[in-house]
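If you want the building blocks of each chain, they are given just below.
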Amino acid sequence: MKTKFKKPCGGCGKGIGGQAIVEGVMMKGKTEYVIAVRDVEKKTIKVEKTKTKPYDKRNKILRLPLIRGVIAFVESLVVGMKVITRSAELAGLEDITEDIKEEEMSKFEKWLTEKLGDKLTTVILTISVIISIALSIGLFMVLPVLVSSFLNSFLNLGTWALGIIEGFVRIAIFLFYIGLTSLIKDIKRLYQYHGAEHKTINCFEDGEELTVENVRKYTRLHKRCGTSFLFLVMIISMIVFLFLRTDVVLYRILSRIIFVPIVAGLSYEVIKWAGKNDNILVDIVSAPGKASQLITTKEPDDEMIEVAIASLKGVLEDEPE
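Thresholds applied
- Residues numbered from 1 in each chain as written.
- Predicted model: local features only at pLDDT ≥ 70, side-chain atom pairs only at ≥ 80, totals over all residues.
- Heavy atoms only, no water.
- Phe/Tyr/Trp six-rings, centres within 6.5 Å; stacked < 30°, edge-to-face > 60°.
- Helix = DSSP H or I, 4+ residues; strand = E, 2+ residues; numbered from the N terminus.
- Buried < 20%, exposed > 50% of the residue type's maximum accessible area, 1.4 Å probe, protein only.
- Lys NZ or Arg CZ within 6 Å of the ring centre and 35° of its normal.
- Lys, Arg positive; Asp, Glu negative; His and termini not counted.
- Salt bridge = Lys/Arg side-chain N within 4 Å of Asp/Glu carboxyl O.
- 1 Å grid on protein atoms, 1.4 Å probe; cavity = no way out; pocket = protein on both sides within 12 Å on 5 of 7 lines; lining within 4 Å.
- Points joined across faces, edges and corners; volume = space filled by probe spheres on them.
- Nonpolar A, V, L, I, M, F, W, Y, C, P; charged D, E, K, R; others polar.
- Axes fitted to C-alpha atoms, helices over the stretch in contact; angles between N-to-C directions.
- Parallel < 35°, antiparallel > 145°, perpendicular 65-115°, else oblique.
- Left-handed = near helix turned anticlockwise from the far one by under 90°.
- Contact = heavy atoms within 4.5 Å.

**Student:** Residues and numbers for the packing of aromatic side chains, please.
**Tutor:** This structure, assessed with the given rule, holds 5 aromatic pairs. Here the aromatic rings of phenylalanine 73 and phenylalanine 229 are separated by 5.9 Å at their centres, their planes lie at 35°, and the arrangement is tilted. Linking phenylalanine 73 in helix α2 (residues 67–90) with phenylalanine 229 in helix α9 (residues 226–242), this pair joins segments that are 156 residues apart in sequence. The class of phenylalanine 73 is partly exposed, set by a relative accessible area of 30%. Judged by its relative accessible area of 12%, phenylalanine 229 falls in the buried class. Centre to centre, the rings of phenylalanine 150 and phenylalanine 154 are 5.1 Å apart; their planes meet at 80°, and the pair counts as edge-to-face. Taken together, the residues span about one helical turn, with phenylalanine 150 and phenylalanine 154 both in helix α5 (residues 120–155) at a distance of 4 residues. For phenylalanine 154, a relative accessible area of 62% gives the class exposed. Here the aromatic residues Phe140, Phe174, Tyr177 and Phe231 are joined through ring pairs into a cluster of three or more. The ring centre of phenylalanine 241 lies 4.3 Å from the NZ or CZ of arginine 256, which sits over that ring.

**Student:** Let's hear about the side chain of glutamate 197: which residues, and what values?
**Tutor:** For glutamate 197, the position within the fold is in helix α7 (residues 185–205). Despite its burial, glutamate 197 pairs with no opposite charge, the nearest such side chain being arginine 224 at 7.8 Å.

**Student:** Describe empty space enclosed by the protein, and please don't skip the residues or the numbers.
**Tutor:** Using the criterion set out here, one finds 2 cavities of 30 Å³ or more in the structure. Considering only enclosed or pocket space, the largest cavity measures out at about 60 Å³ in volume. Together, Lys223, Ser228, Phe231, Leu232, Ile235, Val270, Ile271, Ala274, Val285, Ser286, Pro288 and Gly289 line the largest cavity. Looking at the lining of the largest cavity, the elements that each hand over two or more residues are α9, α11 (260–276) and α12 (280–296). Partitioned by chemical class, the residues of the lining of the largest cavity number 8 nonpolar, 3 polar and 1 charged. Of the volumes computed, that of the second largest cavity is approximately 50 Å³. Secondary-structure elements contributing two or more residues to the lining of the second largest cavity are α6 (159–181), α9 and α10 (249–258). Take the lining of the second largest cavity: its biggest share by element is 4 residues, from α6.

**Student:** Explain the packing of α11 against α12 to me, and be specific about the residues and the numbers.
**Tutor:** Taken N-terminus to C-terminus, the directions of α11 and α12 make an angle of 135°; their axes are 10 Å apart at the nearest point. In terms of axis orientation, α11 runs oblique to α12. Taken as a pair, α11 and α12 cross one another with a handedness that is left-handed. Along the contact surface, α11 presents Val270, Trp273 and Ala274, while α12 presents Leu281, Val282, Val285 and Ser286. In terms of residue class, the contact of α11 with α12 is made up of 6 nonpolar, 1 polar and no charged.

In structure tokens:
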């Protein structure tokens, strides 16, 4: 039976978010997230639902501006790691490589498996999140400080220019990084599912029936995308760090790390505001992030769109409002 959903208020959406995963799409509502993955061998779509408790329902403090942004950012990292791991299992990719893994397992890996058992996945996920955060800080916080200090030693513009130079270096690193990863075959396919996710949400928010034909005609860009969030983090950090002037490299690095939660919180509030409004100012604020999505999203094929639709419908079955 075909279902046509009522158009959300002003086209602003109802809090539906999403993420591209291995051979599929994860859509997240207010009380659950749904994984839809296409099996690489059987070519069927597998759908799995997981109930979640919204962070703003756990404690009143977590609802406060800035704090909720930091919590949402950390939560998205943790959930993101979980769904990517789970999607690989649902897609059947782990079954294909299982024999190879067993043959290549070191004594240390076998010992870990025996000692930790079912807890091994949780431990690996925790370590992965910590490493991801550490690498992100090193690549997008520490490295720009070092590069900007090096460049300013030649330009000699003074401490006021360090924050600006650092900001542009950070953006350049980010664009180079996503541009380089887009050349990898598997990542390019992930970016196609990212495009399918956006097109499907855009179709839903416009009140159209969720069919492949309808979804296909929508743009693959979206103002609430995580890429836009990261771009906003870099722009806002450029503004904030402009006022934290010091030519001592160690102090600058420490200030950048300390202010990461504040910058993330501010960026979240801007993204949240942009998602609820539709005007010229929102278009201006969203423009840089949308431009970067030209790299992080690719046009999906019909099968990918079908998977994204299955994921979104899974959320709407339990959250029709």
